[in-house]
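An overview of the molecular structure
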Amino acid sequence: MGWNSWDVFGTTVTEAETRANAEFMAEHMAEYGWEYVVVDVQWYDPGAKSGGYNTGSKLTLDQYGLPQPAPNRFPSAAGGAGFKPLADYVHALGLKFGVHVLRGVPRQAVAADCPIQGSEYSAAQIPDRERTSSWIDDNWGIDHSHPGGQAYYDALVRQFADWGVDYIKADDMIAPYYEDEVEAFWGAVQRSGRDIVLSLSPGMNLSLGHADHLKAHSHLWRISADLWDRWRDIDTQFELLRDWAPHAGPGHWPDADMLPLGRTGVRAEVGEPRETLLTPDEQRTMLTLWSIARSPLMVGADLPASSTETIELLTNPEVLAAQRGQASSKEVWRDGKRTAWATADGTWVAIFNRGSEASEFDLTWADLGVPGPTKVRDCWNRADVEVGSALRTKLQSHAAALYRLS
């Protein structure tokens, strides 16, 4: 559970904006489990722009070809301090710090033939120029048949560990699925000497056939392309989470992507500055699905500029408890665009109306695959409801309900 700069600030987030969101989270959200503060892509580009990616930029690298925070955006990084001062600040707030990084080695480092720290190799020996990204040109892929490839990732992650990084979002790793890149990066994390969460991204067209490899070589992985504040993006996650649910468990979590809530799009890749375009019902549906499916929760809002309603949505302890539940969950009932999920221990039940019209639900406990309870708690309304032989409710279009049973 945490905050990521991408949805709201795109490639251009600054240290001041990161600190402001960290401070807000520490004051208003940490007690509910929110803890990670993640700086997303191109933090090493002094001239990063809103609305997309720079091409051919002069990046901020050290003598070993390792990316460094651009000092004009992250002043505390001046003099080779890197992200350590910012990470220390986040830690002092009682939170954890994360960074985004791209697969591969910077093209600029290859052109300069930078030495690879801690090895006898250099950057010009390791690029795989066939494994380029389709959406950004900062890096070449890495040829992992050469030992310098692993040495570069080891040096990169060792630098992150020295800075105090707790979470790495490694991007462009699994679309297509680069098995050797995943293994090399995971190995670097394991050798870093620090407890670091590894998140792999993106995940469009990700095959379930990679599930066992992902579980063995990452802590969480994206199961879709970037998700924005559009109902069609939320709706797509129902099938994806249903299919990936059997592979969720301690230490390995399918990730339905960020929560495009609150004040967003200030300098983003998609759209203009705005309040989320999702309706209140759609926002609850997203939080309900992510929580019962136990997806990681990374909010993409500018938290200090977001509404009280958004923060209340994100800090409902009865809903968040489902995300932290110990039991596995799965889709247990479906009728067209109407679906229900439940946990294996019968504690949590979620009902969804994905259709365009209001709908009434009358589901027996057998329909839901759970024992008849003695108490039913409506988690969004934070109220007990009458216990009967069935769960009966009416949901508006794109709405959801979440119940805790006992």
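Keep in mind that this is a model prediction, so the values were computed, not measured. (Residues numbered from 1 in each chain as written. Predicted model: local features only at pLDDT ≥ 70, side-chain atom pairs only at ≥ 80, totals over all residues. Heavy atoms only, no water.)

1. Regarding helix α6 (residues 179–190)
- Taking 1.5 Å of rise per residue, 12 residues should cover 16 Å, and α6 covers 17 Å from first to last C-alpha, within 8% of that figure.
- All of the buried residues in α6 are Glu 181, Val 182, Ala 184, Phe 185, Trp 186, Gly 187, Ala 188 and Val 189.
- Contacts from the buried residues of α6 go to β3 (96–102), β6 (139–142), α5 (147–163), β7 (167–171), β8 (197–200) and α7 (211–217). (Helix = DSSP H or I, 4+ residues; strand = E, 2+ residues; numbered from the N terminus. Expected span 1.5 Å × (residues − 1). Buried < 20%, exposed > 50% of the residue type's maximum accessible area, 1.4 Å probe, protein only. Contact = heavy atoms within 4.5 Å.)

2. Description of the UniProt feature "domain: Alpha galactosidase C-terminal" (unreviewed entry) in the protein chain
- Those places that UniProt annotates as "domain: Alpha galactosidase C-terminal" (unreviewed entry) correspond, in this numbering, to residues 344–405.
- Annotated as 6% helix and 50% strand, the span residues 344–405 places its first and last C-alpha atoms 12 Å apart. (UniProt positions renumbered as here; feature names shortened; annotations may be inferred.)

3. Structural notes on the nonpolar core
- Among the nonpolar cores identified, the biggest contains 113 residues, and Trp 34, Ile 168, Phe 185 and Leu 259 are the most heavily contacted of them.
- Element by element, the count of residues in this core is highest for α5, at nine residues.
- Those residues in contact with Leu 259 that sit more than four places away from it in its chain are Asp 7, Trp 34, Met 286, Leu 287, Trp 290, Leu 297, Met 298, Val 299, Gly 300 and Leu 314.
- Counting 17 residues, the second-largest nonpolar core is a separate cluster that includes Ala 340, Ile 351, Trp 365 and Ala 399. (Core = buried A, V, L, I, M, F, W, Y, C linked by side-chain atoms within 4.5 Å.)

4. A word on the packing of helix α2 (residues 15–28) against helix α3 (residues 84–92)
- Where α2 meets α3, the closest approach of the two axes is 10 Å, and the angle between their N-to-C directions is 15°. In this view, α2 runs roughly parallel relative to α3, as classed from their interaxial angle. The way α2 lies across α3 gives a crossing that is right-handed. Residues Glu 15, Thr 18, Arg 19, Ala 22 and Glu 23 of α2 form the contact with α3, whose own contacting residues are Pro 85, Leu 86, Tyr 89 and Val 90. (Axes fitted to C-alpha atoms, helices over the stretch in contact; angles between N-to-C directions. Parallel < 35°, antiparallel > 145°, perpendicular 65-115°, else oblique. Left-handed = near helix turned anticlockwise from the far one by under 90°.)

5. Describing the sheet that holds strand β9 (residues 220–222)
- Strand order in the open sheet formed by eight strands is β10-β9-β8-β7-β3-β2-β1-β13, with parallel pairing between adjacent strands. The open sheet has two edge strands with one neighbour each: β10 (253–255) and β13 (298–299).
- Here β9 pairs with β10 via three bridges, running parallel. The residue bridging Trp 221 from the neighbouring strand is Pro 254, located in β10.
- Here α2 sits on the sheet in contact with β1 (2–4) and β2 (36–39), set at roughly 165° to β2.
- In the packing of α3 onto the sheet, the strands contacted are β2 and β3, and the crossing angle to β3 comes to about 145°. (Pairing = 2+ DSSP bridges.)

6. Observations concerning the side chain of Thr 18
- Residue placement: Thr 18 occurs in helix α2.
- A relative accessible area of 0% means that Thr 18 is categorised as buried.
- A distance of 2.9 Å separates a polar side-chain atom of Thr 18 from the backbone oxygen of Thr 14.
- When near neighbours in sequence (up to four residues on either side) are disregarded, Thr 18 contacts Trp 3, Val 13, Val 37, Val 39, Phe 74 and Leu 86. (Polar contact = N/O pair within 3.5 Å; in protein donor to acceptor, adjacent residues only side chain to side chain.)

7. Looking at the side chain of Glu 17
- Positionally, Glu 17 belongs in helix α2.
- Given a relative accessible area of 18%, Glu 17 falls into the buried group.
- A polar contact is formed between the side chain of Glu 17 and the backbone nitrogen of Thr 14, at a distance of 3.0 Å.
- Non-local contacts of Glu 17, meaning those with residues more than four positions away in its chain, are made with Phe 9, Thr 12 and Arg 267.

8. What about the packing of α5 against α6?
- Where α5 contacts α6, the two axes come as close as 8 Å, and the packing angle between them is 45°. The angle between the axes of α5 and α6 places the two elements in the oblique class. Note on packing geometry: the crossing formed by α5 with α6 is right-handed. Taken together, the residues of α6 that come into contact with α5 (itself represented by Gln 150, Tyr 153, Asp 154, Leu 156 and Val 157) are Glu 181, Ala 184, Phe 185, Gly 187, Ala 188 and Val 189.
- Within the contact of α5 with α6, the residues separate by chemical class into seven nonpolar, two polar and two charged. (Nonpolar A, V, L, I, M, F, W, Y, C, P; charged D, E, K, R; others polar.)

9. As for the domain arrangement of the protein chain
- Its domain assignment divides the protein chain into domain 1 (2–326) and domain 2 (331–405).
- Relative placement of domain 1 and domain 2: their C-alpha centres are 33 Å apart.
- In this assembly, 23 residues from domain 1 lie in contact with 26 residues from domain 2.
- In total, about 2200 Å² of surface goes out of reach between domain 1 and domain 2, with carbon and sulfur atoms giving 61% of it.
- One salt bridge connects Arg 354 with Asp 235, and the closest N-O pair in it is separated by 2.7 Å.
- At the surface where domain 1 touches domain 2, the tally comes to 11 residue pairs in polar contact (both at pLDDT 80 or more).
- Looking at the side of domain 1 that touches domain 2, the elements with two or more residues in it are α8 (231–244), α9 (280–292) and α11 (317–323).
- At eight residues, α9 tops the list of elements feeding residues into the side of domain 1 that touches domain 2.
- Considering only residue class, the side of domain 1 that touches domain 2 consists of 13 nonpolar, three polar and seven charged. (Domains from an automatic or database assignment. Buried area = accessible area lost by both parts, 1.4 Å probe. Salt bridge = Lys/Arg side-chain N within 4 Å of Asp/Glu carboxyl O.)

10. A few points about the packing of aromatic side chains
- Throughout the structure, instances matching the rule amount to 15 aromatic pairs.
- On the basis of an interplanar angle of 15° and a centroid distance of 6.0 Å, the ring pair of Trp 6 and Tyr 53 is categorised as stacked. With Trp 6 in helix α1 (residues 6–9) and Tyr 53 in the loop between β2 and α3, this pair connects stretches of sequence that are 47 residues apart. Residue Trp 6 shares its accessibility class with Tyr 53, and that shared class is buried.
- Every member of this aromatic cluster is reached through a ring pair, and the members are Trp 43, Tyr 44, Phe 74, Phe 83, Phe 97, Phe 160 and Trp 163.
- Here the basic side chain of Arg 129 rests over the ring of Trp 140, its NZ or CZ set 5.2 Å away from the ring centre. (Phe/Tyr/Trp six-rings, centres within 6.5 Å; stacked < 30°, edge-to-face > 60°. Lys NZ or Arg CZ within 6 Å of the ring centre and 35° of its normal.)

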